[in-house]
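Observations on chain architecture
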Amino acid sequence: MEGEEDEFDTDLDSDEKEESNKEASVAEVYLQACKLVGVVPVSYFIRNLDCTTMTLTHHGLGPLGCKALAIALVSDMHINTLELADNHIQAEGAKYLVEMLRANFTIQHLDLSNNYLRSAGAEYVAKMLLDNISLKSIKLSGNGFTDDDAKYFADSFSSNSRIKELDISHNEFCGKGGEHLGQLLANNEGLEVLDLSWNHLRMKGAVAFCAGLKVNMMLKHLDLSWNGFGNEGALAMGEALKFNNTLVHLNLNNNRLTNEGISLLCRGLEFNDTLRVLLLAFNSITVEGALALVNVVKNTPKTALEEINMCNVLVNENFVHLLELTCQEHPGLDVQFGGVGGFIAKKPPKRVDPMKVIQDYLDKRKLRLWDFFRNIDKDGTMRVPVADFRKAVQQSSIPLDRYQIEELIQRLDRDRTGMVDYRGLADTRKQMMRDHRRQLRKVESRQKKEKQKSDRILKTFQSAVEAVTPHSSMVISPGGAKDDSSGPQQFSATPLSSWHHIVMSNSSRYSVTNLSNEHVHLPMLGGTMSYRPTSSLAMRSYSQPNLLDDSPRSAPGKSISAQGIRSDPEMGHSKLSPTANHLTRSRPALNAKQPQVKAKSKKLKKKKTKKHVEKGSKNLTQTVK
C-alpha cells in the first residue's frame, strides 16, 4: 500500500512538473519571439499564463506585437478567451492571428474590437471563420467595415454554424450592407446573439435586413439601436415579427421611430408569441404610441412581452389606468416610462366658414342676399353699416356665433370703413368652393402617396424575402451573374435586384483558391515548443475559399430558376419554336396581300376617274352639237 501511495504521489508531481514546464516553455517562446520581431514583451501576458482569460486590451501591441503573441499562442492549450481590443493591430496583425487560430483549437472567445482592421482585415477574419471549429463568439466592433465587407461575413457565416455571438457594431454598414447581412441571417443556422448597433441601416438596407430576419430560425438577441430605421424599417420589422418565432430580445433604441412607426410595429406584435424584451427608448414617441403598445399586450392573449422600455416618454393618467388593467391580465409585464405629465395633442376644432353658413342658409330657403338684407338696405346698394349688419345677423336664425360674426365683418370690411359690402358673400362663394376642392385634392394626393410608399416597401420586403429564403442545398449569391435561362427573372425589377440569382451548391459550398498565395509562417524557436502533430502550422496545408468569387457553378447547358428548379433552355426553345415559326410564316403572307389590295383599289379609282372623264367629254360634245 505504501509503495502504491508513493507511486501515486510521484505521478502527481510529474503532472505538475509538466504543466510548469509547459508554462515556462510558452513564456520562453514569447520572449524569444519578441526578441526576434523587435518588440517589448508584455509582462501581463507572462504573469497570467495560468488564467483561462487573457485580457490584453489597450496594450498597444501593434502588428508586430500581435505577431509575437500569435507565435506564443500556437501551442497554448490553456487560454480560451483572448481580448485584444484597442491594440491597433490592423490587417497585418489580423493575418498573424488567423494563422495562429488555424493551429490553436482552444480559444473560444475572441475580441478584436477597435483595431483598424478595415476591408483587408475583414477578409482575413472571414476566411478564418470558414473552417474554424473552436470559436463560439467574436467581437469586431469599430473596425471601419463598409458595405462591401459585409459580403465576406455573409459568405463565411453561411457555412459556420458554431459561432453563437457576433458583434459588428460601430461600423459603416448601409444599404447594400443591409442586404448582405439579411442574407447572413437567412442562411446562418447557429447565430443566437447579433449586435449591429451604431451602423447606418435604414431605408432599403433596413427592409432587406428584416427580410432575412423573417426567415431566420436561430437568432434570439438582436441589437439594432442607433441605426435610424425610421418608419420604413418599422414596417418591415413588423412584417418580420409576424413570422419570426425565435427572437426574444429586440433593441430599437434611438431609431427615429414615430407613433406611426410604432403602429406599424404593433401589426407584427399582434402575431408574435416569443418576443419578451422590446427596447424603444429615445424615439419620437408620445402618449399615443405608448397607448398602442400597451393595447397590443392587452388584446393579445398569446403575447410573451415582459419588458417594454420607453423611458423618455411622458404618459398621461389614461395610460396609467390602461397599464394597471393590462398588468392584471399579464402580471409579469414591466413597462418603463418617463413619468406622468404627457398629453395627446388635440387639434383645435375646425370652425365652419361663416360665408358658407350664410350661403347654405339662403340656398335652403331659396332666398337671395338682397331678400335677406332688404329691411336694412332699402336703397339696394348692398352696402349697410356694420352695426346694422351685426344686429340683423344676430336676430336672424342663421347658426353663427359671436366669433364667426366678427370674422365675417372683418372679411367684408377689410378697410375698416364702417360699411359692409355684402356682395362679397356672392363673390367669395366660388372661391370658397375652389379652395374646398383644392384641399380635398391635397388630402387625396397625400393619402395616395403614403399608400404607394407603403406598398413599395412591402413589395421590396417581399422580394427580399423571396431572394434570401434558404432552400435545401442552395446558396444565394448576391451580385452574381444573371441567369441566362429563357424563364423570367423574378427579382430583376425590384430594388434588391442584386439578390436575384440562386445557384446550387456542389460538394462544398465554396470551391476556389486560398485568400493569398503568401502564407504567414510563425517561426519555430529553439525546439522548445511542443506542437500537436495535427495542429502544426508547418504540417497543415489547406486551401481557403475565395469570397470574392461569385460565379455560380451549375450543370452545363442548364440553368436554375428562382425557385431552385433546373430548366433546360433548349427544351423551352423547342416548345416555343412551333408557334414562333407559325407566326413568322403567317406574318409575311399577310403583309404580302395588303399591298395587292391597295394596288387594286388604286386601279379602280383610276378606272372610275376615266369613266367620269369619258362621260364629261360626251356631255361636252353633245352641248357643242
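Residues numbered from 1 in each chain as written. Predicted model: local features only at pLDDT ≥ 70, side-chain atom pairs only at ≥ 80, totals over all residues. Heavy atoms only, no water.

As recorded in an unreviewed UniProt entry, the protein chain goes by Leucine rich repeat containing 74A and comes from Seriola dumerili.

A word on the confidence of the model for the protein chain. The predicted model of the protein chain averages 76 in pLDDT, with 68% of residues at 70 or higher. Under a pLDDT of 50 for its full length, residues 471–518 has, in the predicted model, 116 contacts with residues more than four places off or in other chains. (pLDDT = per-residue confidence, 0-100. Contact = heavy atoms within 4.5 Å.)

Put simply, helix α15 (residues 386–395) and helix α16 (residues 402–412) touch, their axes get as near as 11 Å, and they point 145° apart. Here the hand of the crossing between α15 and α16 comes out right-handed. Along the contact surface, α15 presents V386, F389, R390, V393 and Q394, while α16 presents R402, I405, E406, L408, I409 and L412. (Axes fitted to C-alpha atoms, helices over the stretch in contact; angles between N-to-C directions. Helix = DSSP H or I, 4+ residues; strand = E, 2+ residues; numbered from the N terminus. Left-handed = near helix turned anticlockwise from the far one by under 90°.)

Two elements in contact, helix α8 (residues 204–215) and helix α9 (residues 230–241), have axes whose closest approach is 8 Å; the angle formed by their N-to-C orientations is 10°. Considered as vectors, α8 and α9 are oriented roughly parallel to each other. Contact with α8, carried on its side by A206, V207, C210, L213 and K214, involves E232, G233, A236, M237 and A240 of α9 and no other residues of that element. Taken together, the residues that form the contact of α8 with α9 break down as 7 nonpolar, 1 polar and 2 charged. (Parallel < 35°, antiparallel > 145°, perpendicular 65-115°, else oblique. Nonpolar A, V, L, I, M, F, W, Y, C, P; charged D, E, K, R; others polar.)

What follows covers the pattern of salt bridges. Taken as a whole, this structure holds 6 salt bridges when the rule is applied. Its salt-bridge partner being E239, residue K242 comes within 3.2 Å of it at the nearest N-O pair. Taking relative accessible area as the criterion, K242 reaches 28% and is therefore assigned partly exposed. Overall, E239 belongs to the buried group, its relative accessible area being 17%. (Salt bridge = Lys/Arg side-chain N within 4 Å of Asp/Glu carboxyl O. Buried < 20%, exposed > 50% of the residue type's maximum accessible area, 1.4 Å probe, protein only.)

Attention now moves to α9. With 12 residues, α9 extends 16 Å between its outermost C-alpha atoms, agreeing within 8% with the 16 Å of an ideal straight helix rising 1.5 Å per residue. Counted residue by residue, α9 has 12 buried out of 12 residues, so it is predominantly covered. Those residues of α9 that sit buried are G230, N231, E232, G233, A234, L235, A236, M237, G238, E239, A240 and L241. (Expected span 1.5 Å × (residues − 1).)

What follows concerns the nonpolar core. Grouped together as the largest cluster of nonpolar side chains are 116 residues, with contacts concentrated most on F45, L194, L224 and L250. Sequence-distant contacts of L250, defined by excluding residues within four places in its chain, comprise L222, L224, M237, L241, L275, V277, L278 and L279. V357, Y361, V386 and L412 belong to the second largest nonpolar core, which has 17 residues in total. (Core = buried A, V, L, I, M, F, W, Y, C linked by side-chain atoms within 4.5 Å.)

All right, on to the sheet that holds strand β7 (residues 221–223) then. Spatially, the 11 strands line up as an open sheet ordered β1-β2-β3-β4-β5-β6-β7-β8-β9-β10-β11, and their pairing is parallel. The sheet terminates laterally at β1 (53–55) and β11 (334–340), the two strands that pair on one side only. When strand polarity is set aside, the average angle formed by the axes of neighbouring strands in this sheet is 5°. (Pairing = 2+ DSSP bridges.)

This paragraph deals with the pairing of strand β10 (residues 307–315). Direction of pairing for strand β9 (residues 277–279) relative to β10: parallel, over a ladder of 3 bridges. The residue bridging L279 from the neighbouring strand is N309, located in β10. What joins β9 to β10 is helix α11 (residues 287–299), and the crossover it makes is right-handed. Examined bridge by bridge, β10 and β11 share 6 bridges and lie parallel to one another. Bridge pairing links I308 to V335 in β11. For the segment spanning β10, helix α12 (residues 317–329) and β11, crossover handedness is right-handed. (Right-handed = clockwise from strand over helix to strand, strands pointing away.)

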